[in-house]
Amino acid sequence: MKSPNQSLRIRTRLILTFGLSALLITSGISVLTYFLVRGNLIENRNQSALSVASVNARQAERRIFEGATDKAVRDFLSNLRGVRAESTPVLRLETDWISADPVVFAAPDSIDAKLLEVVNTSPLDGAKMKYRMGNGTPVLVIGFPLATRNALYFEATPLDDIEDTLDSLANILMLVSGGVFIFGIALGMWSSRRVLFPVEEVGQTARAIAVGDLSARLDVGNDPDLEMLASTFNQMADTLEKRIEADAKFASNVSHELRSPLTTIMASIEVLNGNAASLDENSKLALDLLNEDLERFKQLVEDLLEISRYDVGANALTLERFLIVEFLERLTEQRSSGAMSINFPFEINDILIEADKRRLARVLSNLLDNADHYAGGATHIEVRADEDTLILSVIDNGPGITQADRSSIFERFARGAEGSRRGSGTGTGLGLSLVTEHVKLHGGSVEVTSANSNGSGSRFTVTLPGVIK
Ligand code: ADP
């Protein structure tokens, strides 16, 4: 079973690995940085606030003697300097509360009940507590009991500056993490391209070999990690090229060698045919069978010879310029099945094409022969031109060709449904593959579709460059 991870492309996996690793590392570092800075800022603030409050409390102890008026006390409190300008001293004298700035820190409402209790009952070294006031401001409140007038001294220092600093730090760290994540993705894309480049090169070269460029090879380069892959691949391609060349030569040699005995046999058969009247019935029957098979054998040898010339690259075009309509009319008139209608727009009359006449004649004869064999003959030929491309279609009203057979019938020795139905006696299965080779040599292509909308009939369309305007 495929795991979800396996279904991702290697490139995507590499990019994700880079991006997520970068994100993980920067997030880790960011969280660590945040908590270290936070701990440090709070600890510093605690210590400095505690020591300043302690000094202020001792000073208050000295200044708040029995006779001091409330106004004198308030003035004194207002003049005390806390750890921040916003720090507010607060005093409880017996039951009265005096705050240096009741708007900022209203006593006793803003003093946490628990802190009040601890300071009220604790020894002289004081107590501190961090909490949020009713309006949401975070404060650090430090309290000391004083040895005079049953007094308690509190100093409230807002912590919003630390909170703001930490918020800014968190934003910066998040931005940096996002940036590093994007950088990781970009790095992943760059390195995956580099890492996968050799794989792509192997793919491209293999594709080139698959479509017939047997000389395609990989650049071995000087990376020891890839050198072995590249040289092994090239060795494999060398072996394949040699094997294919040897096979092609073999087929070419065999068909060549078969030609001379075949010519002798054909000549001898001709002699026998001439004397057929003097033969007894059995010999006549044997002669007829021999004539039939020999014709097919001759065709096979000729086709094999022609096709093997393509394989060894020994085929070259002999280009001529000629009027296409005239050429088609002549070709169809010469056929035993007789002339047929050639449909074309008026301007095609004067169109010249530059092509190999012999090969083009073979292409059309093959298509027309096939229509005769498998489809009761071609109904017509259509010709049109598109810029410098000539489009020729041979149309019949036969049984048509199934979707599955439409590409395979162009392969060597492939006989589609109709060919198989009529048995081995009618063809060799090389006709359409030769058509493809002839057309390909011109830089063109051939395909088959159905002629009618109900799927019956065939339309073989040959597209050839070389229209001269
Ligand atoms: P062959 O005619 O020797 O079998 P081809 O390569 O010329 O070889 O044709 C391959 C197959 O394509 C035929 O066997 C036949 O099944 C199919 N075919 C070709 N032309 C037609 C056509 N006009 N109508 C139906 N089938 C066709």
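Procedures and definitions
- Residues numbered from 1 in each chain as written.
- Predicted model: local features only at pLDDT ≥ 70, side-chain atom pairs only at ≥ 80, totals over all residues.
- Heavy atoms only, no water.
- Helix = DSSP H or I, 4+ residues; strand = E, 2+ residues; numbered from the N terminus.
- Rg over C-alpha atoms; globule rule 2.2 N^0.38 Å.
- Buried < 20%, exposed > 50% of the residue type's maximum accessible area, 1.4 Å probe, protein only.
- Contact = heavy atoms within 4.5 Å.
- Lys, Arg positive; Asp, Glu negative; His and termini not counted.
- Charge placed at Lys NZ, Arg CZ, Asp CG, Glu CD.
- Phe/Tyr/Trp six-rings, centres within 6.5 Å; stacked < 30°, edge-to-face > 60°.
- Pairing = 2+ DSSP bridges.
- Axes fitted to C-alpha atoms, helices over the stretch in contact; angles between N-to-C directions.
- Patch = residues over 30% accessible without salt bridge, like charges linked within 9 Å, V, L, I, M, F, W, Y side chains within 5 Å.
- Areas by Shrake-Rupley, 256 points an atom, 1.4 Å probe, with all protein chains shown as cover.
- Salt bridge = Lys/Arg side-chain N within 4 Å of Asp/Glu carboxyl O.
- Near = heavy atom within 4 Å.
- Polar contact = N/O pair within 3.5 Å; in protein donor to acceptor, adjacent residues only side chain to side chain.
- Nonpolar A, V, L, I, M, F, W, Y, C, P; charged D, E, K, R; others polar.
- Arc of directions from axis to C-beta.

1. A few points about the overall build of the protein
- Each helix and strand in the protein was counted, giving eleven helices and 13 strands.
- Over its C-alpha trace the protein gives a radius of gyration of 49 Å, far above what one expects of a compact globule, namely 23 Å for 469 residues.
- In terms of principal-axis extent, the alpha carbons of the protein reach across some 165 × 55 × 45 Å.
- Within the span of the protein, comprising 469 residues, buried residues form 36% of the whole.
- Nonlocal contacts in the protein, meaning residues at least 24 apart in sequence, comprise 64% of its contacts between residues at least 6 apart.
- Of the charged side chains in the protein, 47 are positive and 62 negative, and the gap between their average positions amounts to 5 Å.

2. Observations regarding the packing of aromatic side chains
- Overall, the coordinates contain four aromatic pairs when judged by the stated rule.
- Taking 5.3 Å as the distance between ring centres and 90 degrees as the angle between the ring planes, the aromatic pair formed by tyrosine 34 and phenylalanine 35 counts as edge-to-face.
- Note on phenylalanine 35: relative accessible area 49%, which makes it partly exposed.
- Ring centres of phenylalanine 410 and phenylalanine 460 lie 6.3 Å apart, and the angle between their planes is 70 degrees; on these two criteria the pair is classed as edge-to-face. Of this pair, phenylalanine 410 sits in the loop between helix H9 (405-408) and helix H10 (417-421) while phenylalanine 460 sits in strand E12 (residues 458-465), placing them 50 residues apart in sequence.
- With a relative accessible area of 14%, phenylalanine 410 lands in the buried category.
- The exposure class of phenylalanine 460 is buried, given its relative accessible area of 7%.

3. Some words on the sheet that holds strand E6 (residues 319-323)
- The strand order E6-E8-E13 describes an open sheet built from three strands, whose pairing is antiparallel. In this open sheet, the two edge strands, each paired with only one partner strand, are E6 and strand E13 (467-468).
- When E6 meets strand E8 (residues 352-356), the two strands line up antiparallel, connected through five bridges. When the bridges of E8 are listed, arginine 321 appears paired with glutamate 354.
- In the packing of helix H7 (residues 324-333) onto the sheet, contacts are made with E6 and E8, and the angle to E6 comes to roughly 85 degrees.
- Helix H8 (residues 357-375) contacts E6 and E8 of the sheet and is inclined by roughly 90 degrees relative to E8.

4. Thoughts on the sheet that holds strand E11 (residues 445-450)
- Taking strand neighbours across the sheet as the criterion, the five strands line up as E7-E9-E10-E12-E11 in an open arrangement whose pairing is mixed. Each of the sheet's edge strands pairs with one partner strand only, and the pair in question is strand E7 (341-343) and E11. Taking each pair of neighbouring strands and ignoring which way they run, the sheet shows an average axis angle of 20 degrees.
- Where E7 lies against strand E9 (residues 378-386), three bridges are found, and the strand directions are parallel. Paired with asparagine 343 across the strands is glutamate 382, a residue of E9.
- The strands touched by H8 are E9, strand E10 (389-396) and E12; relative to E10, the strand with the most contacts, the crossing angle is about 20 degrees.

5. Observations regarding a nonpolar patch on the surface
- A contiguous nonpolar surface patch, about 410 Å² in accessible area, is contributed by Phe18, Phe183, Leu187 and Trp190.
- At three residues, the largest contribution of residues to the nonpolar patch is made by helix H4 (residues 160-210).
- On the accessibility criterion, leucine 187 (33% relative accessible area) is partly exposed.

6. Quick notes on the site of the ligand
- Near the ligand lie 19 residues; those nearest to it are Tyr374, Arg415, Thr428, Gly429 and Leu432.
- At a separation of 2.9 Å, an oxygen atom of the ligand approaches a polar side-chain atom of asparagine 370.
- Backbone polar atom of leucine 432 to an oxygen atom of the ligand: 2.8 Å apart, as the coordinates give it.
- Calculation on the ligand without its partners gives an accessible area of 530 Å², and the protein chains cover 97% of this total.
- For the shell around the ligand, the secondary structure elements donating two or more residues are H8, H10, helix H11 (431-441) and E12.
- Each residue belonging to the shell around the ligand can be placed in one class, and the counts come to eight nonpolar, eight polar and three charged.

7. Section: the side chain of threonine 205
- Mapping threonine 205 onto the fold places it in helix H4.
- At a separation of 2.7 Å, a polar atom in the side chain of threonine 205 contacts the main-chain carbonyl oxygen of glutamate 201.
- Apart from residues no more than four positions distant in its own chain, threonine 205 is found in contact with Ala216, Arg217, Leu218 and Phe233.

8. Side note on H7
- Ile324, Val325, Phe327, Leu328, Leu331 and Thr332 are the residues of H7 that are buried. When H7 is viewed along its axis, its buried side chains cluster within an angular range of 160 degrees and face the same direction.
- Buried residues in H7 make contact with E6, E7, E8, H8, E9 and E10.

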